[in-house]
Amino acid sequence: MWRSEAFIMGKSRAVRSLYHDAIIQTWEETMKKQFTGSLSAIALAVTGVLTAPMAQAQDYSRFGIDSDLPGTCNFAATDAKDYSGRTLNIITHAIPVIGEPTALHAEQFAELTGAEVNVVHVPFGDLFQRIMIPFQSGQNAYDVLFYGSLWIGDFNRFLAPVPDAFLNSSGMSDVTDSFKGVATWNGQMIQYPMDGDRHYLKYRTDAFENAELQARFKDATGRDLAVPETWEEYNEVAAFFSGFDWDGDGEVNYGSAEVAKRDDLMFSAFISRAAPYAKHPDVTGGFFFDLETMEPLINTPGFVRGLELFVDAQKSFPPGGTNFGLGDEIFSFGGGQTLMSYSWDDAFIQAQQEDSRIRDMVGAAPLPGAREVWNRDSGQWDNFDEPSLAPYMTWGWSSAVSDMSEEKEMAFDYLCFFSNEANTFHDLQIGRFGVNPYRDSHFDSGFWQGLGWDASVADSYVKTLSEMELSENRVYDLRIPGVGQFMSSMANGVAEALAGQKSAQDALDDVAKEWAGIVDRIGEDRLRDAYANVVRLEDNEG
Amino acid sequence: MLKPKHFFLLPALLTLVAIILFPLIFTVRVSFSSWDVYQAGLDYIGGRNYTRVFEDTRFWESLLRLSSLSFITVTLQYVIGFALALAVWKQMKGGRIFRVLFLVPMMTTPVVMSVIWRTMLHESLGPANDILSAFGIGPVPWLSSAAGAFVSVVIVEVWQWTPFMFLLLFAGLVSLPREPYLAAAIDGAGPVRTFWQVTFPLMAPISIGALIIRLIEASKIMDTVYILTSGGPGTATETPSYYIYIRGLRDFQVGYSAALSLTYLVLMIITLTIIAKLLMRFLVGKDA
């Protein structure tokens, strides 16, 4: 047993808490000195500078990690805690995505601390109501919650703020500013960041770099083949690459795999497509609504253009592509059927699996932009020489502690342990876990090359992700009360347009009407207050 | 006058109140509230939710869609189920094996079978289009076109629930009296005439029961649609049950979904009662 651990175990709970704070401060100072954002530096720190204090540390490799890494809530620090006789109740997503790491780290936490940890796994479709019903009925059902970060608008009233000790933890100080913003509500962090998500473009480098295909594309379009910079270019390239076997595997290939199934996260795909046309870099005060009037902007020309291009893109989908959910999109692009795709990390990680036939034949790039952007202030389209990009920081997984929990300290300790350095680097490597880069140290090409990725692939991945953090024209989800109603309504309108039941304009006009009704029912002022949090993020006001 | 023996009914009555009456009354109360994602609890907003129901074209369109879906699936189930029951009714080789085989689809879990059907009908990777392509057909847009998705739901429903119809009708056939058949044979009636003049009329009461039971079940179709098409493409296969699920459990509009559910319940009771009366009048020749 580690000496410090033995020392702490012998102290009272209050003393242990003070000692815990001291450890946090010590580690914080150490981290500032030792962590330069590079995982290789971490490795050096572990084996070099920090050799002395770690020399007598226990071997935690039985937990499936190579070694314990320095950090506020590492295995050694968690091992020093004693929660024997106490119970932690956790609700999370079904296995494997997030559910599997939740259960894995819960089991580890229980073994290290002596706590009894109960984990409830719920399918995504039921997760919101399974959390919301106990909240609304005042039941203290769960201490720790894992859920989609966009539900912060609905859940914020029921969540406990992250205590200072954890705000200053080593892991938290490494979280990127944008994901700290995602976890923050009215200036207070109430979600515990443990995942980072964004939509970006994935494409097949072997096709784009193929001289014969480049020549054929030039003949057909008069343009040089290049990674699309606008959605019009995306559609054009996708259409050209549809319907023939361009990678020589004996199977017909297609241009684009997209999440187009109505109730399977399609709303996020539409936001990705519409954002550059509707999000003007010089216009502030709301993307989905005009913050002042709370008038829906969903049927303005920018969104309509995005939807028209989405409808047009269907001709480049594989057979059945208009019914593709996220899983289909992952396997279509990750399996080598399609040239391009855009959504979360999963399709890219799938393509980069060791057994993938297209491993190291893929690249990442920012989502396509627009040369014409709707300016709602002037009521006209503005032209841009360089495509205007509007990166979509789409929702991902987040975690939080219920304000009704009687075990808040243990709950936050669990979340801190869940996302400690060793666990996070372990989880990032397993695609099915659903944990994606969200800390500065994750944007290290060396780490991904260490997993066997080609340097160019790792570089394009890291560059794309990290540059999104720097954009000042980002779009976030509609993180307000009733977001499920708004997105469900939007997805239905988009689906009707995709199915040809309505024109893009008519479909979005109907969505706007429905949104106005939701605003009336939930309350304009209440929604405005909530939406201001989103607008602050989009307008780079912290 | 209450006697001690009447108190033996108390457990059953209490159970009835607990599992049927209380939820029903509670749902009625919820339907007059604005219980929503932000506003929890039972405030009173009058008939506002019901006004919304009558203005909700998506709900009424889903009802019309359900009508055609139910009519087509139940009719096909009845025709195929009757044919299969007739086939194994008379002595035939391997009849017992067929009787068991015919029942297998009904015994499988609808959600699991819908997942399997979705995989089979997957337009890029599923075997259905692979097999059809061997004959130069396709690719068929099973799930990505409105007509294809509707037909796919019909296929799965017919496949899954024809055995139920078969079971009821076969039980009915087995219980038919022999005398009318002997009389028909003496009169020289052939198989077709015997069916229309003897079997079909004798089977009418059982047929009506089977049709009504299946119509009730078909009106609640949810799992097949949820797994197979999610109501799409667009709203091409959205049924009332799935729509109510979206409003209630996805959007968390608890009060409104209660109003939708009760409206739907009342409409179903009225419609199915009328259908049962009409079937009795036309098939049996008298009111039920």
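Residues numbered from 1 in each chain as written. Chains lettered and ligands numbered in written order. Predicted model: local features only at pLDDT ≥ 70, side-chain atom pairs only at ≥ 80, totals over all residues. Heavy atoms only, no water.

(A) How the structure looks around the overall build of chain A. Assigned secondary structure in chain A consists of 25 helices and 17 strands. Taking all 542 residues of chain A together, the buried fraction comes to 62%. For chain A, the exposed area adds up to about 19,200 Å²; of that, 48% sits on carbon and sulfur atoms. (Helix = DSSP H or I, 4+ residues; strand = E, 2+ residues; numbered from the N terminus. Buried < 20%, exposed > 50% of the residue type's maximum accessible area, 1.4 Å probe, protein only. Areas by Shrake-Rupley, 256 points an atom, 1.4 Å probe, with all protein chains shown as cover.)

(B) Structural view of the pairing of strand β14 (residues 380-388) of chain A. Residue and element names in this part refer to chain A. Direction of pairing for strand β13 (residues 370-375) relative to β14: antiparallel, over a ladder of five bridges. Counted as the bridge partner of valine 373 is aspartate 382 from β14. The loop that links β13 with its antiparallel partner β14 comprises four residues; one of these, glycine 379, has a positive phi angle of about 70 degrees. (Pairing = 2+ DSSP bridges.)

(C) Representation of the sheet that holds strand β16 (residues 397-401) of chain A. Residues and elements named next belong to chain A. Sheet architecture is open: five strands sit in the order β2-β1-β3-β16-β6, paired in mixed fashion. The two strands at the open ends of the sheet, each matched to only one other strand, are β2 (116-122) and β6 (192-193). Helix-sheet contacts for helix α6 (residues 99-113) involve β1 (87-93), β2 and β3 (144-148), and the interaxial angle to β2 is about 175 degrees. Most of the contacts of helix α7 (residues 124-136) go to β3, to which it runs at about 135 degrees, and overall it touches β1, β2, β3 and β16. (Contact = heavy atoms within 4.5 Å. Axes fitted to C-alpha atoms, helices over the stretch in contact; angles between N-to-C directions.)

(D) Focus on the side chain of arginine 58 of chain B. As for its placement among the helices and strands, arginine 58 of chain B is situated in helix α3 (residues 57-89). Owing to a relative accessible area of 9%, arginine 58 of chain B belongs among the buried residues under this scheme. Here the side chain of arginine 58 of chain B touches glutamate 238 of chain B through a polar contact of 2.9 Å, side chain to side chain. In contact with arginine 58 of chain B, not counting residues within four places along its chain, are Arg262 and Asn492 of chain A together with Thr235, Glu238, Tyr243, Ile246 and Arg247 of chain B. (Polar contact = N/O pair within 3.5 Å; in protein donor to acceptor, adjacent residues only side chain to side chain.)

(E) Structural detail: the pattern of salt bridges. Residue and element names in this part refer to chain A. The full count for this structure, using the stated rule, is 30 salt bridges over all chains. For aspartate 345, the salt bridge identified is with arginine 198, shortest N-O distance 3.8 Å. Residue aspartate 345 is located in the loop between β11 (338-343) and α18 (346-351), and its partner arginine 198 is located in the loop between β6 and β7 (200-204); the two are separated by 147 residues in the primary sequence. Here the two residues aspartate 345 and arginine 198 agree in accessibility, since each one is buried. Through salt bridges with shared partners, a single network forms among Arg204, Asp206, Asp247, Asp249 and Arg357. (Salt bridge = Lys/Arg side-chain N within 4 Å of Asp/Glu carboxyl O.)

(F) Representation of the interface of chain B and chain A. Chain B puts 33 residues into the contact, and the matching count from chain A is 34 residues. Taking both sides of the interface into account, the surface hidden between chain B and chain A amounts to around 2,800 Å²; carbon and sulfur atoms contribute 47%. Contact with chain A buries surface across chain B, with Val37, Tyr38 and Phe252 of chain B losing the most and accounting together for 26% of the total. At the boundary of chain B and chain A, one finds two salt bridges. When the shortest N-O distance is used, the salt bridge between arginine 262 of chain A and glutamate 238 of chain B registers 2.8 Å. Linking chain B to chain A there are 15 residue pairs in polar contact (both at pLDDT 80 or more). Tallying contributions element by element places helix α11 (residues 240-250) of chain B first for the side of chain B that touches chain A, with six residues. (Buried area = accessible area lost by both parts, 1.4 Å probe.)

(G) Spatial organisation of the sheet that holds strand β12 (residues 362-365) of chain A. All names here are of chain A. Read from one edge to the other, the open sheet built from four strands follows the order β8-β11-β7-β12, with strand pairing classed as mixed. Two strands close off the open sheet at either side, each with one partner strand: β8 (254-257) and β12. Within the sheet, the average angular offset between the axes of one strand and its neighbour, ignoring direction, is 20 degrees. For β7 and β11, the ladder comprises four bridges, and the chain directions are antiparallel. Each residue of the ladder has a partner; that of lysine 202, found in β11, is serine 341. The sheet strands contacting helix α14 (residues 231-240) are β7, β8 and β11, and the helix crosses β11 at an angle near 150 degrees. Relative to the sheet, helix α22 (residues 455-470) contacts β7 and β12, its axis offset from that of β12 by approximately 15 degrees.

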